[in-house]
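Take a look at the letters that make up each chain.
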Amino acid sequence: MISDATESLPPVVLPSLERTPVLTGQKALVTGASSGIGRQVAIALGHAGADVVVNYVTDPDKADETVQEIERRCGVRAMAIQADVSNEGQVQAMFRAMMDAFGTIDILVNNAGLQKDAPFDELTLDQWNKVIDVNLTGQFLCAREAVREFKRKGVVADVSCAAGKIICMSSVHDIIPWAGHVNYAASKGGVMLMMKSVAQEVAKWRIRVNAISPGAIRTPINMDAWSTPEAYAELMKLVPYKRIGEPDDIGRAAVWLASDYSDYINGICLYVDGGMTLYPGFETGG
Ligand code: NAD
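Please read these numbers as outputs of a predicted model, since none were measured by experiment.

1. Structural notes on the site of the ligand
Logical step 1: Near the ligand there are 28 residues, and of these I37, N111, Y184, I217 and T219 occur at the shortest range.
Logical step 2: Between the ligand and G215 there is a distance of 3.2 Å, counted from an oxygen atom to a backbone nitrogen or oxygen.
Logical step 3: At 2.9 Å from an oxygen atom of the ligand is found a side-chain nitrogen or oxygen belonging to N222.
Logical step 4: In isolation the ligand exposes 820 Å². Once the protein is present, 92% of that is buried.
Logical step 5: The residue makeup of the shell around the ligand, split by class, is 14 nonpolar, 12 polar and two charged.

2. A look at the packing of helix α3 (residues 88-102) against helix α4 (residues 125-153)
For any two helices packed against each other, the geometry is given by the interaxial angle and the distance between the axes.
Logical step 1: Contact geometry of α3 with α4 gives a least axis separation of 9 Å together with a crossing angle of 35°. In the packing of α3 onto α4, the handedness of the crossing is right-handed. Facing E88, V91, Q92, M94, F95 and M99 of α3, the residues of α4 in contact are L141, C142, R144, E145, A146, R148 and E149.
Logical step 2: Taken together, the residues that form the contact of α3 with α4 break down as seven nonpolar, one polar and five charged.

3. Some words on the pattern of salt bridges
Opposite charge on two side chains lets them pair, provided their charged atoms get close.
Logical step 1: With the rule as written, the count across this model stands at 15 salt bridges.
Logical step 2: For R39, the salt bridge goes to E69, with nearest N and O atoms at 2.6 Å. Of this pair, R39 sits in helix α1 (residues 36-47) while E69 sits in helix α2 (residues 60-74), placing them 30 residues apart in sequence.
Logical step 3: Between R144 and E145 there is a salt bridge, with the nearest N and O atoms lying 3.7 Å from each other.
Logical step 4: Through salt bridges with shared partners, a single network forms among E88, R144, E145 and R148.

4. A word on the pairing of strand β2 (residues 51-56)
Logical step 1: Most of β2 is tucked away: six of the six residues are buried.
Logical step 2: By the alternation rule, side chains of β2 split into D51, V53 and N55 and V52, V54 and Y56, which are all buried.
Logical step 3: Relative to β2, strand β1 (residues 27-30) is paired through four bridges, and the arrangement is parallel. Along β2, the bridge assignment pairs L29 with V53.
Logical step 4: Here β2 pairs with strand β3 (residues 78-82) via five bridges, running parallel. Following the sheet pairing, V52 is matched in β3 by A78.

5. Things to note about the environment of L17
Logical step 1: Its location among the elements puts L17 in the segment before β1.
Logical step 2: On the accessibility criterion, L17 (13% relative accessible area) is buried.
Logical step 3: Residues L17 and D248 lie 231 residues apart in sequence; the distance between their C-alpha atoms is 9.3 Å.
Logical step 4: When residues no more than four places from it in sequence are discounted, the contact partners of L17 are A44, H47 and R252.

6. Topic: the nonpolar core
Logical step 1: Within the largest apolar cluster, 35 residues are counted, with the highest numbers of intra-cluster contacts made by V41, L45, I70 and I212.
Logical step 2: Counting residues per element, the ones that place at least two in this core are β1, α1, β2, α2, β4 (107-110), β5 (164-169) and α7 (247-258).
Logical step 3: With near-sequence residues (within four places) excluded, L45 lies in contact with L23, A28, V30, A50, V52, I107, V109, A254, V255 and A258.
Logical step 4: V91, A112, F150 and V202 belong to the second largest nonpolar core, which has 32 residues in total.

7. Focus: a nonpolar patch on the surface
Logical step 1: On the surface, F120, L125, W128 and V182 cluster together into a nonpolar patch covering about 400 Å² of accessible area.
Logical step 2: Residue position: V182 is located in helix α5 (residues 182-202).

8. Here we look at the sheet that holds strand β6 (residues 207-214)
Logical step 1: Spatially, β3-β2-β1-β4-β5-β6-β7 is the arrangement adopted by the seven strands of the open sheet, whose pairing is parallel. The two strands at the open ends of the sheet, each matched to only one other strand, are β3 and β7 (269-272). Across this sheet, the average inter-strand angle for adjacent strands is 20°, counted without regard to direction.
Logical step 2: Where β4 and β5 come together, four bridges link them in parallel fashion.

9. Brief notes about helix α6 (residues 229-236)
Logical step 1: Among the residues making up α6, those that are buried are A231, Y232, L235 and M236. Buried residues in α6, looked at end-on, bunch into an arc of 135°, giving them a common side. Facing away from the buried side of α6, by more than 90 degrees, are the exposed residues P229 and E230.

Thresholds applied
- Starting afresh in each chain, residues are numbered from 1 along the sequence in its written order.
- Two thresholds apply to this predicted model, a pLDDT of at least 70 for residue-level local features and 80 or more for giving and counting side-chain atom pairs, whereas whole-chain, interface and lining totals are computed over all residues.
- Excluding hydrogens and water, the side-chain figures rest on all heavy atoms present in the structure.
- It suffices for a single heavy atom of a residue to lie within 4 Å of a molecule or strand for the residue to be listed as near it.
- Polar contact is defined as a pair of N or O atoms within 3.5 Å, subject to the rule that within protein one atom must be able to donate a hydrogen and the other to accept it, and that residues adjacent in sequence are counted only when both atoms are side-chain atoms.
- The Shrake-Rupley method, run with a 1.4 Å probe, gives the accessible areas here. Residue values count only the displayed protein chains as cover.
- Residue classes follow a fixed rule: Ala, Val, Leu, Ile, Met, Phe, Trp, Tyr, Cys and Pro count as nonpolar, while Asp, Glu, Lys and Arg count as charged, and any other residue, Gly among them, counts as polar.
- Axis angles are defined between N-to-C directions and span 0 to 180 degrees, where every axis is a line fitted to C-alpha atoms and, for a helix, only to the segment in contact.
- Counting from the N terminus, the helices are DSSP H or I runs at least four residues long and the strands are E runs at least two residues long.
- Note: crossing handedness is left-handed where the near helix turns anticlockwise from the far helix by less than a right angle, and right-handed where it turns clockwise.
- Between two residues, a contact is recorded if the distance between any of their heavy atoms is within 4.5 Å.
- Each reported salt bridge corresponds to a side-chain nitrogen of Lys or Arg within 4 Å of a carboxyl oxygen of Asp or Glu.
- Per-residue accessibility, obtained with a 1.4 Å probe over protein chains only, is compared with the maximum for each type, and a residue is labelled buried under 20%, exposed over 50%, and partly exposed between these values.
- Following DSSP output, two strands are said to pair if at least two bridges run between them.
- By nonpolar core is meant a set of buried Ala, Val, Leu, Ile, Met, Phe, Trp, Tyr and Cys residues that side-chain atoms within 4.5 Å join together.
- For patch detection, residues must exceed 30% relative accessible area and be free of salt bridges, and they are connected within 9 Å for like charges or within 5 Å for nonpolar side chains (Val, Leu, Ile, Met, Phe, Trp, Tyr).
- The arc under discussion is defined with respect to the helix axis, by the directions toward the C-beta atoms.

Structure, rendered in structure tokens:
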């Protein structure tokens, strides 16, 4: 159940994802899956029948918890693999470990990401590089390994219409400028055009590449924006739908984008944002 800023409306109860086995037999890798959106996406893919690799970088206990929850609740296989997505050698070793354990990959969710915020004239080169390295280069490295395997494997008709699916976790800040977060917005703008260019290039092998661009989702990355009533009220000025997004909202979108229900969707950014990209400043007519 989800809390709601508009008191006259009933609380939002999202339908259960259990019993939606649209990904049965598929093998998925979710990066940065020990917390927040990645964790919930990994669980949602598990509910949909996929075996899941939970990538993590620093928190093995939380990754193990996610693995156990997927195996217990979803009845599929799950395993945790440590890798820094911005490190080429570690990414390649992660894919080799996944191939050894699961045989192949059908779905990559490029989710790992971080922020290093500063006013522009105080932004250090280290802060700039770290965010670009993880948020953009990390997505490139993982997508490249996935495409190599998708091309090798080709379409396996009783698994999926497509040889493989990549979902890049972008942000509404691939289109909305963000003062004080220039490195982050630049990384997500880069993700959007990388995603579209790769989608264009690899479509002929029946590989689909799309992005999810979340708005404000209740996770550790943006706790300042929702953890006090004052901050939440301020945030709602930016959200026409008047509730914060939950990681589960993104999990549902990811299941759909990974499934054959979206087979003709290629190269899109799916904004899952409660209308944040609708110029909320004009809500009352401007
Ligand atoms: P989060 O901090 O809970 O998750 C980010 C995950 O990425 C963490 O598990 C972290 O350990 C992992 N990570 C960081 N660096 C890594 C590295 N080098 N290698 C591997 N993993 C690494 O925050 P979240 O909100 O769940 O963020 C997930 C994704 O969603 C990010 O790409 C973020 O930019 C994007 N996003 C979040 C929101 C939001 O409102 N929460 C909005 C738009 C986009």
